[in-house]
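Residue strings, one per chain:
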Amino acid sequence: MKPAPRWPLHPSPKEGEALSSWLNRVAVCYQMDMLDLLEHDLGHGQVDDLDTAPPMSLLTALSQRSGIELDRLRDMSFAGWVPWLLDSFDDRLPAALETYAFQFLVLLPKRNRKTRSITGWRAWLPSQSIDRACPLCLNDPANQAVLLAWKLPLMLSCPLHGCWLESYWGVPGRFLGWENADAAPRTASGAIAAMDRRTWQALTMGYVELPCRRIHVGLWFRLLRTLLDELNTPLSQCEAHAGYIRHVWEGCGHPLRAGQSLWRPYEILDPAVQLQMLEAAATAIDLIESKVLSPRGEQATLFVSEPQTGFSNGLPVVERKKEPANHWQEAVKAINDAVAEARHNPETARSLFALASYGRRDPAALEQLRATFAKEGIPPEFLSHYVPDGPFACLRQNDGLSDKF
Ligand SMILES: [Zn+2]
């Protein structure tokens, strides 16, 4: 069988461009409609799957026509982003949402919630198509590529120009209209531009530089998706941490949970709601990085740079693994130090006795405590007068410390 002839004209795909966008630009070279090019030249009558999961037969034909490698063409559709952006393309996995969106914690230290088992769900793929693009990109005849990421509720701004993506209709390069035709391009806030720069770095480099360390592209998208869901958590489920969620929403100026009262997965929310949620996610990251918020979620520390300690020898700082703080161990050590000092310092002995006797008013119990102190080598005359109540009564409830007294 003769190989299919090369197209004499075909523009190169731009970095991150959607397959449909590139095919449209090829068709414009021949003053054709993309549908006609697909049907009559490539024998492919279906257009819905171009940016999601184009059939291998079509990709092979496109590779023959253009000389572009098959893998590169496949990366221009969402199927090429498995497993980095999505775990799987199979939407019949009931645990898919749990695995993807509830594995990590940023704003909340734990989630008090029902396990969500949803079929027909795929990460990031919206229930209705999104036509948003950068007005500066599409108005430039030399740069009319629509990025694949813009077809998802994933970014708010153009990685090249830093302005908001706007809704459009029509076909770039042929006929194009903007929903808000008179509006000048709007510069995205620093928080939004920073979040989108990271998403772009993830898509193009395979990693993201965070203040704490470099993370893998797969982790970035899951962190982002985690944040979006945390921001949509009913406050009644957030317990003492509801303040973090409220603070973020107040910071971005949208109603709490973008006005949602019922929980639904992010992918099926109204597009306008999704945009507000994304804005809240950008705000949350900004607040954590600037240390205005210090939420207790395990992965929140990724957004905070470790304090630089020790001296500098002029060479780059070598990353050291920080030992997690063990507050109880530190407290036990402090008590032991205090006991040692109390053996020769009446002031310390009395403070320590006040601490240990907090809440104990029963004379027998106090006598027993004196005996314990004496056994520890603290002279009884140091405790001739003391305050029976003091702070930190809770310390005694910890095993190991109560034995001491
Ligand atoms: Zn642009």
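For the structure itself, consult the block above.
These remarks concern the structure in this document. Note that the structure is predicted; figures quoted are calculated from it, not measured.

## Here's the deal with the packing of aromatic side chains
The relation between two aromatic rings is expressed through the spacing of the ring centres and the mutual angle of the planes. Under the defined criterion, the tally for this structure stands at 5 aromatic pairs. Both rings, one in Trp7 and one in Trp22, keep their centres 6.2 Å apart while their planes meet at 55 degrees; by these two values the pair is tilted. Placement of the pair is Trp7 in the segment before α1 (19-29) and Trp22 in helix α1, with a sequence separation of 15 residues. By the burial criterion, Trp7 is buried, and Trp22 matches it. Ring centres 5.8 Å apart and planes at 75 degrees place the aromatic pair Phe78 and Trp81 in the edge-to-face group.

## Examining the sheet that holds strand β2 (residues 166-171)
Strands pair in a sheet through their backbones, by hydrogen bonds, and they do so in one of two ways: parallel or antiparallel. Read from one edge to the other, the open sheet built from 3 strands follows the order β1-β2-β3, with strand pairing classed as antiparallel. Each end of this open sheet is capped by a strand with a single partner; those strands are β1 (132-133) and β3 (175-178).

## Considering the layout of surface pockets
There is about 880 Å³ of room inside the largest pocket. If you trace the largest pocket, you find 36 residues lining it, with Asp51, Ser129, Ile130, Asp131 and Lys151 closest to the centre. Those elements that place two or more of their residues in the lining of the largest pocket are α1, α2 (34-42) and β2. For the lining of the largest pocket, the leading source of residues is β2, giving 4 residues. Its residues assigned to classes, the lining of the largest pocket shows 17 nonpolar, 10 polar and 9 charged. Of the domains in this structure, domain 1 (19-81) and domain 2 (132-165 + 176-303) are the two that each give at least three residues to the lining of the largest pocket.

## Points about the pattern of salt bridges
Enumeration over the complete set of coordinates arrives at 12 salt bridges. The salt bridge partner of Asp87 is Arg222, with a shortest N-O separation of 2.6 Å. Taken together, the residues Asp87 in the loop between α4 (70-74) and α5 (96-101) and Arg222 in helix α8 (residues 217-230) connect sequence positions 135 residues apart. Exposure remark for Arg222: the relative accessible area of 8% places this residue in the buried category. Note that Glu367 is salt-bridged to Arg370, the shortest N-O span being 3.4 Å. Taken as a pair, Glu367 and Arg370 lie in helix α13 (residues 363-375) at a separation of 3 residues, close to a single helical turn. Overall, the relative accessible area of 23% leaves Arg370 in the partly exposed class. A cluster of three or more residues bridged by salt bridges with shared partners is formed by Arg225, Asp229 and Glu267.

Rules of the game
Residues numbered from 1 in each chain as written. Predicted model: local features only at pLDDT ≥ 70, side-chain atom pairs only at ≥ 80, totals over all residues. Heavy atoms only, no water. Phe/Tyr/Trp six-rings, centres within 6.5 Å; stacked < 30°, edge-to-face > 60°. Helix = DSSP H or I, 4+ residues; strand = E, 2+ residues; numbered from the N terminus. Buried < 20%, exposed > 50% of the residue type's maximum accessible area, 1.4 Å probe, protein only. Pairing = 2+ DSSP bridges. 1 Å grid on protein atoms, 1.4 Å probe; cavity = no way out; pocket = protein on both sides within 12 Å on 5 of 7 lines; lining within 4 Å. Points joined across faces, edges and corners; volume = space filled by probe spheres on them. Nonpolar A, V, L, I, M, F, W, Y, C, P; charged D, E, K, R; others polar. Domains from an automatic or database assignment. Salt bridge = Lys/Arg side-chain N within 4 Å of Asp/Glu carboxyl O.

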